Amino acid sequence: MSNLADKRNRFELLMQQAEIPADTVRSFFAEGYIDQVEISRKNRDWTFYLVKNDLVPHHIYRTFCKMIQEKFAQIAKIRFIWKFQEVDKAALVDEYWILFMEWLQREVASINGWMMKAKFEVQGDTLTLIMLDQIGLELAKKKNIDYVYS
């Protein structure tokens, strides 16, 4: 069995164990696979590196992640790192921006009010946040969000 086939089989087994519905697997995860898994025995953390050709709608993505995390919650804390091979960066940001904003509300409450009002633009590898007022811009600068990362 080839290495890629083995990675695909492991992905199918993971989805089967988490009871991901077969129609969801066929529709959204048919070509996906697990590239690698990092396990921290000390912290009981598992990080799955998953590869897919195209984007998964954000509501399917969320449900998929949640089902696997809940299934293995007593064993480990599960994280996912996705690599989408054939995806336009603007489409990626458009699809998952809502999930980013939900995470931001949970994890960084001090900035979520003014970030909720922000708009974004994607050009190439650059994501530009557009603040709707001067206060939002000043708060972004204070939190070092105005910095250009490369």
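Up top is the structure these notes are about.
Residues numbered from 1 in each chain as written. Predicted model: local features only at pLDDT ≥ 70, side-chain atom pairs only at ≥ 80, totals over all residues. Heavy atoms only, no water.

Notes on the pattern of salt bridges
So, point 1. Evaluated as defined, the whole model comprises 7 salt bridges.
So, point 2. Across the salt bridge formed by D35 and K7, the nearest N and O atoms sit 2.9 Å from each other. Placement of the pair is D35 in strand β1 (residues 33–40) and K7 in helix α1 (residues 3–17), with a sequence separation of 28 residues.
So, point 3. Relative accessible area serves as the criterion here: at 33%, D35 is assigned to the partly exposed category.
So, point 4. Judged by relative accessible area, K7 falls into the buried class, the value being 18%.
So, point 5. The partner of K52 in a salt bridge is D54, with the nearest N and O atoms 3.0 Å apart.
So, point 6. The class for K52 is buried, based on a relative accessible area of 1%.
So, point 7. If you follow the salt bridges from partner to partner, you end up with E31, K52 and D54 in one network. (Salt bridge = Lys/Arg side-chain N within 4 Å of Asp/Glu carboxyl O. Helix = DSSP H or I, 4+ residues; strand = E, 2+ residues; numbered from the N terminus. Buried < 20%, exposed > 50% of the residue type's maximum accessible area, 1.4 Å probe, protein only.)

Overview of the layout of surface pockets
So, point 1. Taken as a whole, the second largest pocket encloses approximately 190 Å³ of empty space.
So, point 2. K7, R10, L13, L14, Q17, I34, D35, Q36, V37 and F48 are the residues that line the second largest pocket.
So, point 3. It is α1 that provides the largest number of residues to the lining of the second largest pocket, a total of 5 residues.
So, point 4. Of the residues contributing to the lining of the second largest pocket, the split by class is 5 nonpolar, 2 polar and 3 charged. (1 Å grid on protein atoms, 1.4 Å probe; cavity = no way out; pocket = protein on both sides within 12 Å on 5 of 7 lines; lining within 4 Å. Points joined across faces, edges and corners; volume = space filled by probe spheres on them. Nonpolar A, V, L, I, M, F, W, Y, C, P; charged D, E, K, R; others polar.)

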